[in-house]
Amino acid sequence: MSQTRKKTSSEGETKPQTSTVNKFLRGSNAESRKEDNDLKTSDSQPSDWIQKTATSETAKPLSSEMEWRSSMEKNEHFLQKLGKKAVNKCLDLNNCGLTTADMKEMVALLPFLPDLEELDISWNGFVGGTLLSITQQMHLVSKLKILRLGSCRLTTDDVQALGEAFEMIPELEELNLSWNSKVGGNLPLILQKFQKGSKIQMIELVDCSLTSEDGTFLGQLLPMLQSLEVLDLSINRDIVGSLNSIAQGLKSTSNLKVLKLHSCGLSQKSVKILAQVIPLLSNLQELDLSANKKMGSSSENLLSRLRFLPALKSLVINNCALESETFTALAEASVHLSALEVFNLSWNKCVGGNLKLLLETLKLSMSLQVLRLSSCSLVTEDVALLASVIQTGHLAKLQKLDLSYNDSICDAGWTMFCQNVRFLKELIELDISLRPSNFRDCGQWFRHLLYAVTKLPQITEIGMKRWILPASQEEELECFDQDKKRSIHFDHGGFQ
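Quantities reported herein were computed from a predicted structural model and do not represent experimental measurements. (Residues numbered from 1 in each chain as written. Predicted model: local features only at pLDDT ≥ 70, side-chain atom pairs only at ≥ 80, totals over all residues. Heavy atoms only, no water.)

(A) Broad picture of the overall build of the protein. The helix and strand tally for the protein stands at 18 helices and 18 strands. Counting over 496 residues, the protein shows a buried share of 51%. Put simply, of all contacts in the protein between residues at least 6 apart along the chain, 87% involve residues at least 24 apart. When the accessible surface of the protein is split by element, carbon and sulfur atoms take 49% of a total near 22,000 Å². (Helix = DSSP H or I, 4+ residues; strand = E, 2+ residues; numbered from the N terminus. Buried < 20%, exposed > 50% of the residue type's maximum accessible area, 1.4 Å probe, protein only. Contact = heavy atoms within 4.5 Å. Areas by Shrake-Rupley, 256 points an atom, 1.4 Å probe, with all protein chains shown as cover.)

Rendered as C-alpha cells:
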C-alpha cells in the first residue's frame, strides 16, 4: 500500500494532517475560479452564493425566517473555518481531520450546494459510521460528478447506504473507495445501481479486500460501463480467481485508458487471460502490472502483445521478477510504443547486462520523460550504452532518471555517464544512490557531474545517498552551492 500511495499519485503524495477543518471550497474549472474572485465576502455577512442557493428550488424549505437565519449563521461559521474561499462547485475536505461535529456541519451545508460537482472527504477516519447522514442528502446534490471516500473506515452499513444513494447522482463520473476494507465482499451492494448508460469514467478500488465474488460481479458489470476510462484494482490479491470474468468484461471497455493491477497476485493462468484482452484495448494509455512476481517466467505472450497498444504512454512493470525470455519479449514489443512517456523497469535483475536489448527503444522514444532502472543489477557496459544514447541526442525529453541501487557500476562507468548527462537539457531529477547496506567514496566522476549540472537548466534534485565525498569534493560542492543562484538539492552521504 505504501508504494501505491506514494506513486499515485500516481505519481502524488498524501497531504499533511491538520488539526481542524481548515480546507476550502474551490471551483472545478476556470469559470469556478472566476466565481471565487467575484464571490468573496466580508466576515459579518453570509456569502452571496449561499443566499442565492438557499432559496433555489433544490434547497430544502425552512419553516420560518428564524430557522433560516439560524441555519445561515451556522453555515457561515462553518465556511469561516474552511477559510471562506467559497464557490459552489467543489467541497475538498481531504485529510483534514474531520470530527463527528464537523461531519454534522458539512451535512447541514449540503442543502445550500445544489450545484456541487465534487465532494472529497478522503482520509478522514470519523466518516466511518456516519455516511448514511450524507447519502440521505444526495438528492440535494444531484449534479455530483466526483465522489472520493478513500480511507474513510467505511462500515458495512456505510457501503450499503452508498449503493442505494447512487441512483440520486446520475451524473457521477469518478468514484474512489480505495483503502476501505469493508468494500470487499460488498461490491455488488455498492455498484448495483450502475446500469447501462452510466456516465462513470473512473473507478478506484485500491486495497479494498475485494473477493473473487466481487471480481466476478465487476466482470459482469463492465460491459454496461461504456464510458469507463480508468480502472484501478491494485492490491486486491483475491480477485485473481475471477480474472477470467474481469477479462471478459474488459473486452467491452473499448474506451479504457488506464488499467492498474499493481500487486494483484497475477498467476501464470491469469497472465495468459490478460494476453488475450490486451490487443482489444487500443486506447489504453497507462498500464501498471508492477509487483506481480509470478508473471516473471510466463508473460512472454502478454508482453509481446503490448505492441498493439499504440497510444500507451506509461508502462509500469517494476518488481515483476522478469526473466531473460520475458525481458526479450518486452524489449521487442517496446520498439512499437512510440508514445511512451513513462517506463519503469526497476527491480528486475534480468535487465543488468542486457540493456542493449532496449537500444532501439531508447533511440526511438522521442517522448520518454521518466525512465526508472533502480536495482536492475546494471553493469558498467549498461551505463556506457546509456551514455552513448544520450550523447547522440536521444532521450532529449527525459525529465526523471533513476539509476539507484546499481552498485556494480564501476567509477569508469559513472565517469562516462556524467560526461554525457549534460545533454539531457530537460532533466529535473537524477538518482544514482547506493543500496542502504553499501557505502563508497566518490571518484573523479563527481567533478564531471558538477560541471554537467551547470549545463542542465531544469535540474533540481540529485540523489547520491551513501556516496562519500572526500574533503576536497565537499569543498567543491560548497563552492558550487555558493556560486550558483539556482536551488539544487544534492542528497548525498549517510551514516556508516
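(B) The pattern of salt bridges, seen in detail. Here the structure, examined in full by the defined rule, presents twelve salt bridges. Its salt-bridge partner being R148, residue E118 comes within 2.6 Å of it at the nearest N-O pair. Taken together, the positions of E118 in strand β3 (residues 118-120) and R148 in strand β4 (residues 146-148) put the pair 30 residues apart, joining distant regions of the chain. Residue classification places E118 among the buried residues on the basis of a relative accessible area of 6%. A salt bridge links E426 to K397, with the nearest nitrogen and oxygen atoms 3.7 Å apart. With E426 in the loop between α16 (411-420) and β14 (429-431) and K397 in the loop between α15 (380-391) and β13 (400-402), this pair connects stretches of sequence that are 29 residues apart. Exposure remark for E426: the relative accessible area of 29% places this residue in the partly exposed category. A single salt-bridge network, built from bridges that share partners, covers E118, D120, R148 and E174. (Salt bridge = Lys/Arg side-chain N within 4 Å of Asp/Glu carboxyl O.)

(C) Molecular detail of the side chain of S433. The topology assignment puts S433 in the loop between β14 and β15 (440-441). Beyond its immediate sequence surroundings of up to four residues, S433 is in contact with S404, Y405, G463, M464, K465, R466 and W467.

(D) Up close: α16. Turning to α16, its buried residues number three or more, namely G413, W414, F417, C418 and N420. Across the axial projection of α16, the buried residues extend over an arc of 170 degrees, all falling on one side. Along its buried surface, α16 packs onto α15, β13, β14, α17 (445-453) and β17 (467-468). (Arc of directions from axis to C-beta.)

(E) Inspection of helix α7 (residues 156-165) at higher detail. Along α7, the residues classified as buried are D158, V159, A161, L162, G163 and A165. For α7, the secondary structure elements touched by its buried residues are α6 (131-135), β4 and α8 (187-191).

(F) Region of interest: the packing of helix α10 (residues 243-250) against helix α11 (residues 268-277). The N-to-C vectors of α10 and α11 enclose an angle of 5 degrees; their axes lie 9 Å apart at closest approach. By the angle class used here, α10 and α11 are roughly parallel. The segment α10 lies against α11, with L243, N244, A247 and L250 engaging S270, I273, L274 and V277. (Axes fitted to C-alpha atoms, helices over the stretch in contact; angles between N-to-C directions. Parallel < 35°, antiparallel > 145°, perpendicular 65-115°, else oblique.)

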